[in-house]
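Listed here are the chains, written in short residue letters.
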Amino acid sequence: MGAPMRSIAAVVIGASTGGVEALLRILPALRGDASFSVLVVLHLPRERSSLLVEIFAPRCNLPVREVLDKDPILAGSIYFAPPDYHLLVDDGPCLALSMDPPVEHSRPSVSVLFESAAAVYGPHLLAVLLTGAGSDGASGLQAVQRAGGMTVVQHPANARMPQMPEAGLARVTADHVLTLEDIMSLFQALPCAGRA
Amino acid sequence: MNAVPPPSVDDVELRLLVEAIYHVYHYDFRSYARASLRRRMGAAMAHFGCRSLSELQGRLLREADVFTELLEYLTVQVSDLFRDPGYFRALREKVVPLLRTYPSLKIWIAGCSTGEEAYSMAILLREEGLLDRSLIYATDINPSALRRAEAGVFDAAKVPDFTANHRRSGGRSSLSDYYSAAYDRVIFDKRLRRHIVFSDHSLATDSVFAEVQLVSCRNVLIYFNRELQSRALDLFYEALCRKGFLGIGLRESLRFSSHADSFAEFAREDRIYQKVDG
Ligand SMILES: C[S@@+](CC[C@H](N)C(=O)[O-])C[C@H]1O[C@@H](n2cnc3c(N)ncnc32)[C@H](O)[C@@H]1O
């Protein structure tokens, strides 16, 4: 991949219906020596979400955490938004939570994460919008693009639910429209401590 | 990679706006978490039809009405009765037995919003037979939220969720014993209300006003940066009696408090702490 890839400080990922399966494929593809942080919003019914760490930690090369308010953002860690809170990147940068009303019928909302990350990371951000019903994430993707970040959308035909990727693509001309397979290769090509 | 861009025009404008609010209206949002503030100011700009925060600031400085409206954007009024039932269950099963040993009880609900947490606490204390010797101070900075809390009127559509939460919190009575229904509203019983004092108090600028046995401050600290969280936690430390209890939101922590070591985990999963000596 080209030169901009080398300065990625964070990857933000948004997913809804079908998201667990999609994430179970792409997150384990991240190398253990990744030099960027990974922030994930996944819509889930409230009770199910706290199992995320148990599901993903054993399968990933990077430590997986559910966010506690004002957590520092460590390179080489995967952070999940906790159930029923919005997740935002705050100045510092650190992670912040909010109980503001749902956005696009969602809390956590993908757009809230993407927009706040775009404001802090600007061009050093990679945003990935995956499968899901609804249209959460589309306006966030636009914010990422405006701030100069890189946008990736899962190919709607490859998504269990195409609506979220389609809504994203209706809003922006994404840098890449990829299958999960391609996203896995992209992740493996991202910068890591050994070869920054 | 430490790739943090220099402050943008938006950032500078936001900083100036909160300074202006502080100087003119004495509400201090200077140490609030920026990201949420930025989002909510975006919504406020759309509401007021302003193209920039500077334009909004201009109107704010000249029109007091604008500030009253803006305050609804600056603070977020979201709450539920018995929100996180497990928290109230832990209070009931683990904290109440110790609260019983006090001849009279004072409890501080900080950031009470429209009153749900205060009414939940009053109902819990009534069920445990402690309400008659209790006084609940419920404080917030949003005057319209405090007025709604005082009225004790809630949307009837929320009652099924409230009832389910109350049941899951270990509630022994029927929630309907505590309110009367009127059209699409329910009104909480004056006998609960008598034990609650709602008042204006800011964790950012005010000081301690009473000694209490329990502080419950949930989902308020998340809106603060680390320094302001530390200030708020100092107030709670000061307000609490020896061996008093502090409950916070499920995804909040005490780690930025200078007194973090003076609080022992009491009900870990439910984020309830006890003040210890030292
Ligand atoms: C999300 S609500 C939490 C309501 C309730 N405690 C709960 O958990 O359901 C946050 C509340 O904190 C209040 N708040 C914000 N800043 C405050 C401050 N400096 N001092 C006291 N309350 C504050 C807001 O007005 C709002 O009512």
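Residues numbered from 1 in each chain as written. Chains lettered and ligands numbered in written order. Predicted model: local features only at pLDDT ≥ 70, side-chain atom pairs only at ≥ 80, totals over all residues. Heavy atoms only, no water.

## Quick word on the sheet that holds strand β7 (residues 212-217) of chain B
All names here are of chain B.
- Taken in spatial order, the seven strands make up an open sheet running β6-β2-β1-β7-β8-β10-β9, and their pairing is mixed. Of all strands in the sheet, those bounded by a partner on one side alone are β6 (196-200) and β9 (263-267). Neighbouring strand axes in the sheet, compared pairwise and without regard to direction, differ in orientation by 20° on average.
- Here strand β8 (residues 240-248) runs beside strand β10 (residues 272-275); their pairing, made up of three bridges, is antiparallel. Residue pairing across strands places phenylalanine 245 opposite glutamine 274, the latter belonging to β10.
- Across the sheet, helix α6 (residues 116-127) lies against β1 (105-110), β2 (134-140), β6 and β7, angled at about 170° from β2, the strand it touches most.
- Across the sheet, helix α10 (residues 226-239) touches β1, β7, β8, β9 and β10, and the angle it forms with β8 is around 140°. (Pairing = 2+ DSSP bridges. Helix = DSSP H or I, 4+ residues; strand = E, 2+ residues; numbered from the N terminus. Axes fitted to C-alpha atoms, helices over the stretch in contact; angles between N-to-C directions. Contact = heavy atoms within 4.5 Å.)

## Quick look at the nonpolar core
Residue and element names in this part refer to chain B.
- Leu56, Trp108, Leu203 and Phe236 are the most contacted members of the largest nonpolar core, which totals 81 residues.
- There are two domains that each give this core at least three residues, and those are domain 1 (9-75) and domain 2 (85-275).
- The residues contacting leucine 56, other than those within four sequence positions of it, are Leu17, Met41, Ala44, Met45, Phe48, Cys50, Val66 and Leu70.
- With 41 residues, the next largest nonpolar core counts Leu81, Tyr119, Leu130 and Phe188 among its residues. (Core = buried A, V, L, I, M, F, W, Y, C linked by side-chain atoms within 4.5 Å. Buried < 20%, exposed > 50% of the residue type's maximum accessible area, 1.4 Å probe, protein only. Domains from an automatic or database assignment.)

## With respect to the site of the ligand
- Every one of the 23 residues lining the ligand counts as a neighbour, but Tyr32(B), Gln77(B), Ser79(B), Glu117(B) and Asp140(B) are closest to it.
- Each of chains A and B places residues near the ligand.
- Here an oxygen atom of the ligand and a side-chain polar atom of Asp140(B) are 2.6 Å apart.
- Contact distances for the ligand include 3.3 Å between a nitrogen atom and a side-chain N or O atom of Ser202(B). (Near = heavy atom within 4 Å. Polar contact = N/O pair within 3.5 Å; in protein donor to acceptor, adjacent residues only side chain to side chain.)

Functional significance is not addressed by these values, which are geometric in nature.
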